[in-house]
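Per-entry structural report
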Amino acid sequence: MMLHPSILALFFSSLLISLMTLYAACYGILILRRWDIASGSELQLSLERRTYLISTIISYFLVFQLVSLFLFIQTADSICHLFVGAMCAVGTLTVNGFGYPTLLLKVVTFILAGLWLILNHADNLGYDYPLIRAKYLLLLVAAPFVLAESVVQGSFFLKLTPDIITSCCGALFSQSARGIASEIVAVPSNPMQIAFYGCMLVTFAAGARFWLQRKGAYLVGILSGISFAVSIAAIISFISLYFYEMPSHHCPFCILQKEYGYVGYPLYALLLAGTVTGVGVGLLQPYRKKKSLQEILPGVQRKLAAVSVLSYLLFTVIVTWKIVFTSFTLEGY
Amino acid sequence: MISARDISKVFNAGRPSEFTALHGVSLDIRLHETTVLKGPSGSGKTTLLALLGCMSRPTTGRIFLNDREITSLPERFLTEIRRSTFGFVFQQFNLIKGISALENVMAPAYPTGEKFSLLRRRALAALEMFNLEKRADAKVEWLSGGEAQRVAIARALINNPTVIIADEPTAHLDTRLAHEFIGIMADLKAKGSTIILASHDPIVYDSELADRVVEMRDGQVVSQGISA
């Protein structure tokens with residue numbers, strides 16, 4: 001294991017988040033089994049007191065979980081020079097078999113943590129813990145992913161050795177490579193551009209419709225999820241090419257580097273913000289008729305829809321600006 | 001109506017120093033009346049007052065304020081109820097030393113975000129009600145016992161509470177000041193306030209102010225009835 005400050009920070013914070021999530025999940029099982037707001041029993045009153053404390057602590061931990069995705073990518077990018085053949089985060093992530101699984105788990109836990117924070121925020125707005133079961137159920141779903149991420153990330157860091165020859169992004173994100181990335185790379189850019197802009201248009205329309213008419217919350221949630229997947233594919237397929245101004249360089253990580261103005265960070269942050277808030281709109285929809293939330297929840301959903309649409313809009317504007325104003329062209333690819 | 005249902009309060013639960021201050025107390029307190037909790041030291045009066053005033057939570061049982069259950073409320077909701085419904089007068093007055101009487105009176109209203117000039121005017125009016133307008137800028141450590149108590153009452157009234165809670169309010173007062181306190185409370189009651197007092201002072205529970213006297217002993221209500 002390398003004693004790099006960021007690696008140590010990620011390693012120990014992940015350990016702490018896992019322990020806290022495990023404790024909260026165990027407590028969540030008790031909540032799911034024994035919660036009865038009508039009861040004045042000692043157990044019920046004890047649960048009411050403790051849930052406030054646990055929710056507050058876990059929400060701070062999960063906020064760090066959100067940040068840790070970017071710290072992980074930044075760390076992988078910043079230590080790539082230590083590995084022979086690595087040019088960016090891709091090289092670091094392929095040093096051993098735990099790099100990409102860690103990244104994937106980090107993305108999954110980012111989305112789950114974001115959704116949990118939305119549920120927790122909505123629950124805190126009600127006077128009678130209206131979403132308590134839902135939020136602890138979601139925490140129970142998230143807990144295995146958080147624990148798995150800690151184990152996989154720990155294995156990744158522990159097995160990082162600088163004498164390994166690794167692959168650069170040019171080799172991994174090319175048509176000759178194997179895997180889903182190469183299949184995305186192989187897709188012609190025009191159909192992918194149509195898919196990307198079409199998906200964004202439909203997502204904006206659904207978000208705007210919800211914002212104006214409060215209709216179609218589930219549609220906003222589903223489209224936000226689909227837009228995330230399509231956008232990632234679009235970044236690999238054609239967006240990255242415009243930033244690099246090279247027809248064969250499809251790496252989704254190099255845009256995080258200084259040479260490209262660190263544009264990858266705002267792009268990915270906007271994408272994830274749009275996804276989490278958009279899915280959050282749909283997630284809250286089943287609870288809009290809860291007595292203590294029926295006045296408040298539509299406003300919360302409206303704000304989430306606005307954030308989602310604005311995030312995706314900004315993402316699209318940055319990407320389109322680059323495509324329009326660069327001298328690079330993809331004619332024929 | 002403030003209703004307590006089967007309230008128990010255990011301190012230091014599970015430790016060798018575990019102490020049960022209240023055992024299954026059930027009680028109804030009518031609004032616009034004065035209820036006096038009477039009993040010796042250690043009978044649970046202060047604990048019950050703290051629970052009724054939303055300053056602490058019971059170990060078991062529920063409390064209802066106008067049929068709304070309040071013990072399960074998350075802290076931020078409870079804070080709002082505490083601020084808008086209850087005014088507290090503490091046994092030791094608990095005035096903040098180092099700041100003036102006026103600032104002490106204004107302090108509980110700061111979180112409401114009320115315009116400072118309006119709040120200051122209201123605080124001065126509250127002090128004026130107790131003939132303390134000339135002492136407004138005096139630091140609280142310079143006040144006499146009677147003045148400090150009246151400042152504490154003015155502070156309790158600053159958020160226009162519907163219920164005034166006072167814990168052993170006459171414990172540190174001589175007879176004249178104790179009667180003066182009873183007079184102030186009678187005026188507030190006449191204006192529609194609900195008053196809940198904890199006291200083992202006969203000046204309080206034998207006064208005409210008391211509509212109901214609840215007698216407590218060993219953490220239980222032993223009798224409750226209309227005051228003679």
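These figures come from a predicted structure and were not determined experimentally.

Regarding the overall build of chain A
From N to C terminus, chain A includes 11 helices and 0 strands. Taken from N to C terminus, the helices and strands of chain A fall in the order α-α-α-α-α-α-α-α-α-α-α. On C-alpha atoms alone, chain A measures out to a radius of gyration of 22 Å, which is about the 20 Å that the 2.2 N^0.38 rule sets for 333 residues. Within chain A, the fraction of its 333 residues that count as buried is 54%. Looking at chain A alone, contacts between residues at least 24 apart form 75% of all its contacts between residues at least 6 apart. Summing over all exposed atoms, chain A offers an accessible surface of approximately 14800 Å²; the carbon and sulfur share of this is 69%.

Description of the sheet that holds strand 2 (residues 19-29) of chain B
Residues and elements named next belong to chain B. In spatial order, the strands read 2-1-4-5; together these 4 strands make up an open sheet with antiparallel pairing. The open sheet terminates on both sides in strands that have one partner only, identified here as strand 2 and strand 5 (68-69). As paired elements, strand 4 (residues 60-65) and strand 5 share 2 bridges and run antiparallel to each other. Looking at strand 5, one finds that Leu65 is bridged to Arg68.

Concerning the side chain of A:Lys322
Mapping A:Lys322 onto the fold places it in helix 11 (residues 297-325). A:Glu245 provides the closest opposite charge to the buried, unpaired A:Lys322, separated from it by 4.1 Å.

Description of the pairing of strand 6 (residues 86-89) of chain B
Residues and elements named next belong to chain B. Side-chain alternation along strand 6 places Phe86 and Phe88 on one buried face and Gly87 and Val89 on a second face that is also buried. Of the pairings in the sheet, the one linking strand 6 to strand 7 (residues 163-167) comprises 4 bridges and is parallel in character. Pairing of Phe88 across the sheet is with Ile165, part of strand 7.

Quick notes on the nonpolar core
The biggest cluster of nonpolar side chains holds 98 residues, and the ones touching the most others in it are A:Leu160, A:Phe196, A:Ile239, A:Phe253, A:Leu284 and A:Phe315. The element contributing the most residues to this core is helix 9 (residues 217-244) of chain A, with 14 residues. Built from parts of two domains, this core gets at least three residues from each of domain 1 (1-167) and domain 2 (168-333) of chain A. In this structure, B:Leu143, B:Ala154, B:Phe181 and B:Ile195 belong to the second largest nonpolar core, which totals 43 residues.

Quick notes on a nonpolar patch on the surface
Together, A:Leu310, A:Leu313, A:Leu314 and A:Val317 line one region of the surface with nonpolar side chains, adding up to about 350 Å² of accessible area. For A:Leu313, the position within the fold is in helix 11.

Considerations on the packing of aromatic side chains
Here the structure, examined in full by the defined rule, presents 16 aromatic pairs over all chains. With a centroid separation of 5.1 Å and 70 degrees between ring planes, the pair formed by A:Trp35 and A:Tyr129 is classed as edge-to-face. Linking A:Trp35 in the loop between helix 1 (5-34) and helix 2 (42-78) with A:Tyr129 in the loop between helix 4 (99-125) and helix 5 (132-158), this pair joins segments that are 94 residues apart in sequence. Through pairs of rings, three or more aromatic residues link up here, namely A:Phe196, A:Tyr197, A:Phe238 and A:Phe315. Sitting over the face of the ring of A:Trp211, A:Arg302 holds its NZ or CZ atom 4.1 Å from the ring centroid. Cation over ring: B:Lys38 sits above B:Tyr205, and NZ or CZ is 4.3 Å from the ring centre.

Cut-off values and rules
- Each residue is numbered by its place in its chain's sequence as written, counting from 1.
- All chains are assigned letters beginning at A, and all ligands numbers beginning at 1, according to the order in which they are written.
- At least 70 in pLDDT is required for a residue's local features to be given in this predicted model, at least 80 for side-chain atom pairs to be given and counted, and no such filter applies to totals for whole chains, interfaces and linings, which use all residues.
- Side-chain figures throughout are based on the complete set of non-hydrogen atoms in the structure, without hydrogens or water.
- Numbering of helices and strands runs from the N terminus, with a helix taken as a DSSP run of H or I at least four residues long and a strand as a DSSP run of E at least two residues long.
- Note that the radius of gyration is over C-alpha atoms, with the globule rule given as 2.2 Å times the number of residues to the power 0.38.
- Classification of residues uses two cut-offs on accessible area relative to the type maximum, computed with a 1.4 Å probe and protein chains only: under 20% is buried, over 50% is exposed, and between them is partly exposed.
- Any two residues whose heavy atoms approach within 4.5 Å at even a single point are treated as in contact.
- Here the open area of atoms and residues is found with the Shrake-Rupley method and a 1.4 Å probe, where only the protein chains shown may cover a residue.
- DSSP calls a pair of strands paired once it identifies at least 2 bridges connecting them.
- By the counting scheme adopted, Arg and Lys are positive, Glu and Asp are negative, and His together with the chain ends is not counted.
- What counts as a salt bridge is simple: a side-chain nitrogen of Lys or Arg found within 4 Å of a carboxyl oxygen of Asp or Glu.
- Here the nonpolar core consists of buried residues drawn from Ala, Val, Leu, Ile, Met, Phe, Trp, Tyr and Cys, with membership extended through side-chain atoms lying within 4.5 Å.
- Segmentation of the chain into domains, including their bounds, is taken from an automatic or database domain assignment.
- Each patch is built from salt-bridge-free residues with over 30% relative accessible area, joining like charges within 9 Å and nonpolar side chains (Val, Leu, Ile, Met, Phe, Trp, Tyr) within 5 Å.
- When two rings of Phe, Tyr or Trp (its six-membered ring) have centres within 6.5 Å they constitute a pair, described as stacked for plane angles under 30 degrees, edge-to-face for angles over 60, and tilted for the intermediate range.
- A positively charged side chain is recorded as over a ring if its NZ (Lys) or CZ (Arg) lies within 6 Å of the ring centre. The angle to the ring normal must also be within 35 degrees.

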